Amino acid sequence: SYALDVFHVKGGEEHLMSYHALPGPVANEGLDLHPQSGGSYAGEDVPYGTSTRGPRMGYSWLKNVERDPSPPGRFTLDVKGTPPFPNLEETDDLHVRYHAFTEFTDVALADGVPPGARPPSIRYLLGRRALNDAETGDLVSTFVALIEPYRSHPEILNTTRLEVSGGTGDLEAVAIKVDLADGATDYLMVSPDDVTTYRTPEGIEFRGRLLAVRTRGDRVEQA
């Protein structure tokens, strides 16, 4: 199984998306991460755990920061679950893979420490979107990800975000193609309304809030 996560945010000049999975090491494909020299996610000059007030008060509680100032629109993170964690053994070889399809201004990974220190820390993904100096008005973001838990070997071979045309508003429709190890291909479509017709260059036409189609070869297997 896997989960498709799509949400829209409109307003302000900056949006920050925070995500974490299990405690454990995080491998990545696509990001060019560079360690920050000290400090916290609030900045190199802000020590860990020092900010207690203001709109960014949580930022200093994230440490061991790595940043990519120019991330690609497509990357993956793979977390390998590591004890101590309830009912988790090292031999489980349990992973959670995060497929990101969002155009971020910058991306960071950082450690957060849960209360009680069990587990001792969890690695966070922090994806930021912000208006540039030439832009005005409200920022509009569509955050898109596919989250895949698996043991030892993932069942998803490849994921692709398809181009979508047909909308007239500022909220994006989303179409994702998922190629599975058993030969099936899933198409997942999400749109901000249920009346507009959207299209992809592959010839898919859809209308509706949420649609899922599983194909095998040229045959529709489930919809």
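Predicted model only: the values in this text are computed from it and were never measured.

Novice: Looking at this structure, I do not really get the sheet that holds strand E6 (residues 75–80). What am I missing?
Specialist: In sheet architecture, strand pairing relies on hydrogen bonds along the backbone and comes in two forms, parallel and antiparallel. Reading across from one edge, E1-E10-E7-E6-E3 is the order of the 5 strands in this open sheet, with antiparallel pairing throughout. Looking at the sheet topology across the chains shown, the edges are occupied by strand E1 (3–10) and strand E3 (26–29). In this sheet, adjacent strand axes meet at a mean angle of 20 degrees when their direction is disregarded. Across 8 bridges, E1 lies against strand E10 (residues 140–151) in antiparallel orientation. Bridge pairing links Val 9 to Ser 141 in E10.

Novice: Got a minute to help me understand the environment of Glu 44 in this structure?
Specialist: With respect to the element layout, Glu 44 can be found in the loop between strand E4 (34–35) and strand E5 (62–68). Remark: the alpha-carbon pair of Glu 44 and Ser 60, spanning 16 residues in sequence, is separated by 9.9 Å. Apart from residues no more than four positions distant in its own chain, Glu 44 is found in contact with Gln 36, Ser 37, Gly 38 and Gly 39. Side-chain polar atoms of Glu 44 contact the side chain of Ser 37, separated by 3.2 Å.

Novice: Explanation requested: the side chain of Asp 68 in the structure shown.
Specialist: Tracing the chain through its elements places Asp 68 in strand E5. Separated by 2.8 Å, the side chain of Asp 68 and the backbone nitrogen of Asp 32 make a polar contact. Beyond its immediate stretch of four places on either side in the chain, Asp 68 contacts Leu 31, Asp 32, Leu 33, Asp 106 and Val 107.

Novice: What is the right way to read the pairing of strand E7 (residues 94–100) from this model?
Specialist: Look at any regular strand and the pattern is simple: side chains alternate between the two faces of the sheet. Counted residue by residue, E7 has 6 buried out of 7 residues, so it is predominantly covered. The sheet contact formed by E6 and E7 spans 6 bridges and is antiparallel. Directly across from Thr 76, in E7, lies its bridge partner His 99. Sheet analysis places E7 next to E10, joined by 7 bridges and oriented antiparallel. Considered in E10, the bridge of Ala 100 is made with Ala 145.

Novice: I'm lost on the sheet that holds strand E11 (residues 156–162) in this one. Help?
Specialist: One open sheet holds the 5 strands; their spatial order is E11-E12-E13-E16-E17, and the pairing between them is antiparallel. Looking at strand neighbours, the two that pair on one side only are E11 and strand E17 (219–222), the edges of this open sheet. Here the average twist between neighbouring strands, direction ignored, is 25 degrees. Note that strand E12 (residues 174–180) and strand E13 (residues 185–190) share 6 bridges and pair antiparallel. Each bridged residue has a counterpart across the sheet, and for Val 178 the counterpart in E13 is Asp 186.

Novice: Can you walk me through unusual backbone geometry in this structure?
Specialist: Excluding glycine, a negative phi dihedral is what most residues carry, and trans is how most peptide bonds are arranged. A cis geometry characterises the amide bond from Pro 83 onward to Pro 84, with omega recorded as 5 degrees. Mapping Pro 84 onto the fold places it in the loop between E6 and E7. Backbone geometry at Ser 152 places phi at a positive 70 degrees, although glycine is not the residue there. Mapped onto the fold, Ser 152 is located in the loop between E10 and E11. Take Ser 152: its relative accessible area is 36%, and that puts it in the partly exposed class.

Novice: What's the story with the pairing of E12 in this structure? I'm lost.
Specialist: Counting buried positions along E12 yields 6 of 7 residues, so the element is predominantly enclosed. Note that E11 and E12 share 6 bridges and pair antiparallel. Residue pairing for E12: Asn 158 is matched across the bridge by Asp 179. The hairpin formed by E12 and E13 contains 4 residues between the paired strands, and Gly 183 there has a positive phi angle of roughly 95 degrees.

About the thresholds
- Residues numbered from 1 in each chain as written.
- Predicted model: local features only at pLDDT ≥ 70, side-chain atom pairs only at ≥ 80, totals over all residues.
- Heavy atoms only, no water.
- Pairing = 2+ DSSP bridges.
- Helix = DSSP H or I, 4+ residues; strand = E, 2+ residues; numbered from the N terminus.
- Axes fitted to C-alpha atoms, helices over the stretch in contact; angles between N-to-C directions.
- Contact = heavy atoms within 4.5 Å.
- Polar contact = N/O pair within 3.5 Å; in protein donor to acceptor, adjacent residues only side chain to side chain.
- Buried < 20%, exposed > 50% of the residue type's maximum accessible area, 1.4 Å probe, protein only.

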